[in-house]
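# Chains, contacts and geometry: an overview
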Amino acid sequence: MESIQTERFTDRLYRNVEPIWSKNFHHSFVQGIGRGTLERELFSYYLKQDYVYLIEYSKLFAIGAQKATSIEVMKQFSVLLHETLHFEMDVHRSYAKSFGISEEELEQSEPTPINLAYTNYMLNVAHNGTLAELVSCLLPCAWDYWEIGKKLYSNYHNELETNPYKNWIKAYSSDEFGALAKWLIQLMDELTFEKPERELTILENHFQTTSRFEFLFWEMLLNQEEWPLQVQNMV
Ligand SMILES: Cc1ncc(CO)c(N)n1
């Protein structure tokens, strides 16, 4: 007799945001990274904005460890925190170094309104919501970047050696980065097992919202959407 495989919650999440993730992959900023044609100045801008994004994003892993109810889950969040601060942000730091941007300059980048809205949304949910809500917010960041990395690698691997962004593509398509995303997917399925629809809908909404923020982030980078009305600090 055939066993009936019920759909995992993360399959449903994936189906739900597929049109958004497809737009993310086809975004001209992302394709510019894949082809290696993205202007260096725009990539530098990305490095700075993404660096301050990652500082806030990595705090979600610390809050995840705090909200975990088992040592296994705590350990895994501490691995995610470590890997983000070291492995992932090292990619940014080494690109910045080769572009003549100091670590201090990276850290002091002023987040744009979209960047700030995105990290604040996630941190608000992380502080006030359940562990499942926290995971549903950060999952598109890890999972969609992995999808983008894998697809860029498979579409452009022939030209990779001459692509200035090859280390970025290699990092996000790597098995190491994939393993972190896969663990979060598995955790999402465990945390939602046999949960009522009313709770699942809330998670689905967070997942959609942060998937849309991913799109807005690429748009913001391409158009360099800064704050209006620049002000100077008084010294
Ligand atoms: C905006 C953004 N989303 C996701 C990731 C992947 O961690 C990243 N580096 N930046």
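Residues numbered from 1 in each chain as written. Predicted model: local features only at pLDDT ≥ 70, side-chain atom pairs only at ≥ 80, totals over all residues.

In the annotation of an unreviewed UniProt entry, the entry for the protein chain reads Aminopyrimidine aminohydrolase, and the organism field reads Heyndrickxia oleronia. Under the UniProt heading Pathway (unreviewed entry), the entry covering the protein chain gives this text: "Cofactor biosynthesis; thiamine diphosphate biosynthesis." (UniProt positions renumbered as here; feature names shortened; annotations may be inferred.)

This next bit is on the overall build of the protein chain. Of regular secondary structure, the protein chain possesses ten helices and zero strands. Element order for the protein chain, N to C, with α for helix and β for strand: α-α-α-α-α-α-α-α-α-α. Taken over the C-alpha trace, the protein chain has a radius of gyration of 18 Å; the compact-globule value for 235 residues is 18 Å, and the two agree within 12%. Principal-axis analysis of the C-alpha atoms places the extent of the protein chain at approximately 60 × 50 × 30 Å. Split into buried and exposed, the 235 residues of the protein chain put 32% on the buried side. (Helix = DSSP H or I, 4+ residues; strand = E, 2+ residues; numbered from the N terminus. Rg over C-alpha atoms; globule rule 2.2 N^0.38 Å. Buried ≥ 20, exposed ≤ 12 C-beta atoms within 10 Å, placed from the backbone.)

Let us look at the UniProt feature "domain: Thiaminase-2/PQQC" (unreviewed entry) in the protein chain. In this numbering, the UniProt entry assigns the feature "domain: Thiaminase-2/PQQC" (unreviewed entry) to residues 15–223. Split by type, residues 15–223 is 84% helix and 0% strand. Its first and last C-alpha atoms lie 29 Å apart.

What follows covers the site of the ligand. Around the ligand, the neighbouring residues are Asp50, Tyr53, Leu54, Cys141, Ala142, Tyr145, Glu214 and Phe217. Listed by contribution, the elements that provide at least two residues to the shell around the ligand are helix 3 (40–67), helix 7 (131–156) and helix 10 (197–223). For the shell around the ligand, the per-class residue count stands at six nonpolar, no polar and two charged. (Near = placed C-beta within 6 Å. Nonpolar A, V, L, I, M, F, W, Y, C, P; charged D, E, K, R; others polar.)

Residue Glu194 is not a glycine yet carries a positive backbone phi of 55°. With respect to the element layout, Glu194 can be found in the loop between helix 9 (175–192) and helix 10.

Residue-level pLDDT values for the protein chain average 96, and 98% of them are 70 or greater. The ipTM for the predicted assembly is 0.99, set against a pTM of 0.95. (pLDDT = per-residue confidence, 0-100.)

Right, let's talk about helix 7 for a bit. With 26 residues, helix 7 extends 37 Å from end C-alpha to end C-alpha; this agrees with the ideal 38 Å at 1.5 Å per step. At Leu138, helix 7 is bent by approximately 35°, the largest bend along its length, and proline Pro140 sits one to four residues beyond. (Expected span 1.5 Å × (residues − 1). Bend = angle between axes of the 7 residues up to and from the residue.)

Relative to the elements of secondary structure, Ala68 occurs in the loop between helix 3 and helix 4 (71–98). Considered as a pair, Ala68 and Leu85 are 17 residues apart in the sequence and their alpha carbons are 20 Å apart. Contacts of Ala68, omitting those with residues within four sequence positions, involve Val73, Met74, Phe77 and Leu131. (Contact = placed C-beta atoms within 7 Å.)

Further remarks concern helix 10. Given a rise of 1.5 Å per residue, 27 residues ought to cover 39 Å, and the 39 Å separating the end C-alpha atoms of helix 10 matches this to within 8%. Of the residues making up helix 10, those classed as buried are Leu203, His206, Phe207, Thr210, Ser211, Phe213, Glu214, Phe217, Met220 and Leu221. Next to the buried residues of helix 10 lie helix 1 (9–26), helix 2 (28–35), helix 3, helix 6 (113–128), helix 7 and helix 9. Gln224 sits one or two residues past helix 10 and shows a positive phi near 45°.

This paragraph deals with the environment of Lys48. By the secondary structure assignment, Lys48 is in helix 3. Under the C-beta neighbour-count criterion, Lys48 is labelled buried, with 20 such atoms within 10 Å. Each residue touching Lys48, except ones within four places of it in the same chain, is listed here: Leu106 and Ser109.

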